[in-house]
Amino acid sequence: MEQRFSRESRCFKTSRIFPTDVNNHNTLFGGKLMSYIDDIASIAAHKHCRRSVVTASTDSVDFLSPIHTSDSVCLESFVTWTGKSSMEVFVKVVTEDLKSGARKIAATSFLTFVALDENKVPVEVPDVVPETEEEKKLHESAPQRAEMRRIRRVESKKLASFFTMKYPWE
């Protein structure tokens, strides 16, 4: 199977925070940031395998500091690890105060995508080759996250089998 470097999937998205994007605390609405994260992560996954992809899981979104209307937000994503048909994508969210220029990491996220063929059947993806220290660190720790995802998926399926599908009025 072919290989691709992490840098080949790397993408960036920069946005300004407007008053319509904030919550009652006057900080960026978490759902808006999660939408940005899924969007950029899907592009990185698609670039890596050059096929259609679907989000299999959003493993984590860790909100580390609030994002204000005086900030811009820059998201960086790239593929950190691959399975047979799946890809782990890391997203780093950096804010910049547009007045002072001060930057900080506002959030991090890991998502998993699956590559699909024309018939929407999972298909093999190229291996990923990390080069930078950041890429290598994320690549080395990926098997542990993959195992946690596997366990969580089994537990989620067990829990889902317990839930009712009836509406309250039925």
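Okay, so let's go over this structure. (Residues numbered from 1 in each chain as written. Predicted model: local features only at pLDDT ≥ 70, side-chain atom pairs only at ≥ 80, totals over all residues. Heavy atoms only, no water.)

Description of the nonpolar core
Soluble globular proteins tend to pack their nonpolar side chains together in the buried interior.
Working step 1: Judged by nonpolar contacts, the single largest core of 30 residues is most densely connected at Leu33, Leu75, Met87, Val91 and Val93.
Working step 2: Elements represented by at least two residues in this core include exactly helix 1 (30-49), strand 3 (52-63), strand 4 (71-82), strand 5 (86-97) and strand 6 (103-116).
Working step 3: Considering each element in turn, this core owes the most residues, 8 residues, to helix 1.
Working step 4: What Leu75 contacts, discounting residues up to four positions off in sequence, is Cys11, Phe12, Lys13, Leu33, Tyr36, Ile37, Ile40, Val91, Lys92 and Val93. (Core = buried A, V, L, I, M, F, W, Y, C linked by side-chain atoms within 4.5 Å. Buried < 20%, exposed > 50% of the residue type's maximum accessible area, 1.4 Å probe, protein only. Helix = DSSP H or I, 4+ residues; strand = E, 2+ residues; numbered from the N terminus. Contact = heavy atoms within 4.5 Å.)

Side note on the environment of Ile105
Working step 1: Structurally, Ile105 is set in strand 6.
Working step 2: Excluding anything up to four places from it in sequence, Ile105 contacts Leu64, Ser65, Lys92, Val93 and Val94.

So, the pattern of salt bridges
Once the charged atoms of two side chains with opposite charge are near each other, the side chains can pair.
Working step 1: Within this structure, the stated rule accounts for 16 salt bridges.
Working step 2: Put simply, Arg51 and Glu118 hold a salt bridge, and the shortest N to O gap is 3.6 Å. Separated by 67 residues along the polypeptide, Arg51 in the loop between helix 1 and strand 3 and Glu118 in the loop between strand 6 and strand 7 (127-129) bring together distant segments of the chain.
Working step 3: Judged by relative accessible area, Glu118 falls into the exposed class, the value being 69%. (Salt bridge = Lys/Arg side-chain N within 4 Å of Asp/Glu carboxyl O.)

Quick notes on the side chain of Glu135
Working step 1: Of note, Glu135 is situated in helix 2 (residues 133-162).
Working step 2: Classification of Glu135 as buried rests on a relative accessible area of 2%.
Working step 3: Within polar-contact distance, the side chain of Glu135 engages the backbone nitrogen of Thr132 at 3.0 Å.
Working step 4: In contact with Glu135, other than residues within four places in its own chain, are Ser6, Arg7, Arg10, Phe78 and Pro130. (Polar contact = N/O pair within 3.5 Å; in protein donor to acceptor, adjacent residues only side chain to side chain.)

Concerning the environment of Glu2
Working step 1: Mapped onto the elements, Glu2 comes out in the segment before strand 1 (3-5).
Working step 2: Glu2 gets classed as partly exposed once you look at its relative accessible area, which sits at 44%.
Working step 3: The sequence separation of Glu2 and Cys49 amounts to 47 residues, and the corresponding C-alpha distance is 10.0 Å.
Working step 4: If we skip the residues at most four places from it in the chain, Glu2 touches Pro126 and Asp127.
Working step 5: Within polar-contact distance, the side chain of Glu2 engages the side chain of Arg4 at 3.1 Å.

Remarks on helix 1
Working step 1: Taking 1.5 Å of rise per residue, 20 residues should cover 28 Å, and helix 1 covers 29 Å from first to last C-alpha, within 8% of that figure.
Working step 2: Count one or two residues on from helix 1 and you reach Arg50, which has phi positive near 55°. (Expected span 1.5 Å × (residues − 1).)

Shape descriptors only; they carry no functional weight alone.
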